[in-house]
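The residues making up each chain are set out below.
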Amino acid sequence: MKKNGGNKRVRYNYRTLFVGDPIQFKEKVLSKTVIPHQVEVQPGGSTSSNLCWLPCPYCYGISAKDSGERLSPERYIEVLRQIAEGGVNKIAFAGYATDPLNCEHIEDLFQVVLDYKQIAGFHTKAIKVSERFISQLTGKSITPKSFFNVSVDAGNNETYNRVHGVPKSKAKLYDKVLDNLYKISSARKISDAPLDISATYLINNLNNSTDEILKAIGDLRNVGADMIRFTFPQVPRGYSMNEKDQNIPKREEILNFMSRLQPIIEEESSDDCEVLIMDLDTDYEIESARTLPCFARFIYATIGFDGWLYHCSESAAPQFQEMALGNLAEKDFWDLYYSYDTEHFQKLLQDNSDKMNKLSCKCDRKEHAVNSFIKESEVFGSF
């Protein structure tokens, strides 16, 4: 079985991974030769009344509004081809208020990425995986560094349902996710595909017991995970925390969890399955909702479920259309991506900052880290 190898902690060193040399980055931005490190694709399904399978109360897109807009499958494929032919090496399928595998056309979209031999990534709940998708994902020709990451956040069926907002359900969703992961890892073993399989466990006040975390590690290791990452949910835009909030731990609770759980979790790490816990808010000194000015549109522009091109994964929904790059149903990817004024670039950054404050967007951790890195370099001046 091939794995992509190396210490996977480097995947979360966002500053160097996404930008590299800030001086070269500036030169490419101003000459309009910059190519996104990755494009995130958040395809929205059109056959269900719900954007996602689960109403997770800590979802980053909890405040998202659905305008009903969608790209047609044919247009989506055309746009993905434009992205590949323009030189983008990595496509990450994910979701803001949705799940990429909830899109009925996901296999057709994924096939474009495979055809162009781009790195493919998936962030998903993995409640539903088709046989065709498994075959695509574990094909021997998939590009190295491709990954399949599953958000699990529990170690049994009861906790899984409570954490994901379906406490009265009797459905064995945790078992279903494990079964799907086992199908994928088993197919990978046969094909020897260079695919990383990982799981993310967001710790909160419902799922932090030592016994449950150790059970989750054992379960995920047994079904073929190469890495299990424990971390903590961020407060979503539009979410109001209460005094005894079960979904989002407070800062002092996170520090207590780290103190108790870090030695237990890291003891479980091995060469076959790396297990780690990270408090990225502390690592990157994140305290505010966003770090401005924002450079996300040049690094990881995102296609929202409505078919618009947005600055980043956390602003990819209709309520942010005022600051979006534009509608991909009407204009091509590169026309929108390079639609900025280099002669008045400082004004562009300020105007975008004003819109971001007005619309109350929020940075995720990689956006905080990258924006602060570029800001600290002062290559675009001081702010």
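Residues numbered from 1 in each chain as written. Predicted model: local features only at pLDDT ≥ 70, side-chain atom pairs only at ≥ 80, totals over all residues. Heavy atoms only, no water.

Describing the overall build of the chain
So the rule is basically this: For helices the rule is a DSSP run of H or I covering at least 4 residues; for strands it is a run of E covering at least 2, with both sets numbered from the N terminus onward. For the radius of gyration, the atom set is restricted to C-alpha positions; the globular benchmark scales as 2.2 Å times the number of residues to the power 0.38. Only protein chains enter the accessibility calculation, which uses a 1.4 Å probe. A residue is then buried if its area is under 20% of the maximum for its type, exposed if over 50%, and partly exposed in between. Computed with a 1.4 Å probe, the accessible areas rest on the Shrake-Rupley method; for each residue, only the protein chains presented here act as cover. Working convention for charge: Lys and Arg count positive, Asp and Glu count negative, and His plus the chain ends are omitted. Charge positions come from single atoms, namely NZ of Lys, CZ of Arg, CG of Asp or CD of Glu.
Helix and strand counts for the chain stand at 14 helices and 10 strands. Since a compact globule built from 383 residues should have a radius of gyration of about 21 Å, the 20 Å found for the chain is in line with a globular shape. Its C-alpha atoms put the chain at 60 × 45 × 40 Å along the principal axes. Looking at the chain as a whole, 58% of its 383 residues qualify as buried. By element, 48% of the accessible surface of the chain is carried by carbon and sulfur atoms, the whole surface being about 16,300 Å². Here the chain contributes 46 positively and 53 negatively charged side chains, and the mean placements of these two sets differ by 2 Å.

Focus on the environment of Thr124
Put simply, the test is: Contacts between residues were defined by any pair of non-hydrogen atoms, one from each residue, lying within 4.5 Å.
Mapped onto the elements, Thr124 comes out in strand β3 (residues 119–124). Look past the residues within four positions of Thr124 in its chain and what remains in contact with it is Trp53, Asp99, Pro100, Leu101, Phe148, Asn149, Val150 and Ser151.

Remarks on the side chain of Thr291
Selection rule: Identification of polar contacts relies on pairs of N or O atoms within 3.5 Å, with a donor-acceptor requirement for protein atoms, meaning one able to donate a hydrogen and the other able to accept it, and with residues adjacent in sequence counted only if both atoms are side-chain atoms.
Note on placement: Thr291 falls in the loop between α10 (280–283) and α11 (296–299). Overall, Thr291 belongs to the buried group, its relative accessible area being 14%. Among the polar contacts made by the side chain of Thr291, one reaches the side chain of His368 at a distance of 2.7 Å. Not counting residues within four places of it along the chain, the set of residues in contact with Thr291 comprises Cys363, His368, Asn371 and Ser372.

Things to note about the sheet that holds strand β2 (residues 90–93)
Stated precisely, the cut-off is as follows: Any two strands with at least two DSSP bridges between them are considered paired.
With respect to topology, 10 strands assemble into an open sheet ordered β7-β6-β5-β4-β3-β2-β1-β8-β9-β10, the strand pairing being mixed. Looking at the sheet topology across the chains shown, the edges are occupied by β7 (274–277) and β10 (326–327). In this structure, strand β6 (residues 227–231) lies alongside β7, joined through 4 bridges in parallel fashion. Among the inter-strand pairings, Ile228 is bridged to a residue of β7, identified as Val275.

So, the nonpolar core
Here is the rule we go by: We define the nonpolar core as a collection of buried residues of types Ala, Val, Leu, Ile, Met, Phe, Trp, Tyr and Cys that are connected through side-chain atoms lying within 4.5 Å of one another.
Counting 116 residues, the largest nonpolar core has Phe25, Phe110, Phe148, Phe230, Phe298 and Ile299 as its most contacted members. With sequence-adjacent residues up to four places away left out, Phe148 is seen in contact with Leu101, Phe122, Thr124, Ala126, Phe133, Leu137, Leu181, Ile184, Leu195, Asp196, Ile197 and Ser198.

Things to note about the pattern of salt bridges
As a reminder, the rule being used: A carboxyl oxygen of Asp or Glu within 4 Å of a side-chain nitrogen of Lys or Arg is what we treat as a salt bridge.
For the structure on display, the rule yields 13 salt bridges. Counted as one network, the salt bridges with shared partners bring together Arg75, Glu78 and Asp332.

A look at the pairing of strand β4 (residues 146–151)
Remember that side chains alternate between the two faces of the sheet whenever the strand is regular. We apply this condition: With strands facing away from the observer, any crossover in which the path from the first strand over the helix to the second runs clockwise is taken as right-handed.
For β4, a buried count of 6 out of 6 residues is recorded, marking the element as mostly surrounded by other parts of the structure. Here β4 shows no split at all, with Ser146, Phe148 and Val150 on one side and Phe147, Asn149 and Ser151 on the other all buried. Taken together, β3, helix α5 (residues 131–137) and β4 constitute a β-α-β crossover, and its handedness is right-handed. In the sheet, β4 pairs with strand β5 (residues 195–202) via 6 bridges, with the strands oriented parallel. Bridge assignment links Ser146 to a residue of β5, and that residue is Leu195.

Nothing here speaks to function; it is all geometry.
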